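So the chains spell out like this:
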Amino acid sequence: MKEYEVIGHATVVCSMHVKANDKTEAIQKANEEFGALTNYVGMGGTAHMLGVCDSSDDRCVFPDSDPEFDECQEVER
């Protein structure tokens, strides 16, 4: 039997706390200050868990959908 790596996607929601004078400024600050998303070690590898490239406690990433798998490639052993 062949082995396949099946690839999909899911939506994540990012949030953070900022101090601002109004909603427009708050969104602008979040876009500038949030930082990048990265992967952490977990589930037997280094590309399995999602995290924020920042040590602040006011940033959060959480899933907003179930994964939808739509591509695959044969794994050559």
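Scoring rules and cut-offs
- Residues numbered from 1 in each chain as written.
- Predicted model: local features only at pLDDT ≥ 70, side-chain atom pairs only at ≥ 80, totals over all residues.
- Heavy atoms only, no water.
- Helix = DSSP H or I, 4+ residues; strand = E, 2+ residues; numbered from the N terminus.
- Contact = heavy atoms within 4.5 Å.
- Salt bridge = Lys/Arg side-chain N within 4 Å of Asp/Glu carboxyl O.
- Buried < 20%, exposed > 50% of the residue type's maximum accessible area, 1.4 Å probe, protein only.

1. Brief notes about the overall build of the protein
When helices and strands are counted, the protein shows one helix and six strands. When the helices and strands of the protein are listed from N to C terminus, the series reads β-β-α-β-β-β-β. In the protein, the share of contacts with a sequence separation of at least 24, taken over all contacts with a separation of at least 6, comes to 56%.

2. Topic: the pattern of salt bridges
Scanning the model with the defined rule gives one salt bridge in all. The salt bridge partner of arginine 77 is glutamate 3, with a shortest N-O separation of 3.1 Å. On the criterion of sequence distance, the pair formed by arginine 77 in the segment after strand S6 (68-74) and glutamate 3 in the segment before strand S1 (4-9) is long-range, its members being 74 residues apart. Owing to a relative accessible area of 81%, arginine 77 belongs among the exposed residues under this scheme. The class for glutamate 3 is partly exposed, based on a relative accessible area of 39%.

3. Focus: the environment of glutamine 28
Within the fold, glutamine 28 resides in helix H1 (residues 23-33). Here the alpha-carbon distance between glutamine 28 and valine 18, two residues 10 residues apart in the chain, equals 9.9 Å.

Any functional reading would require information that these geometric values do not contain.
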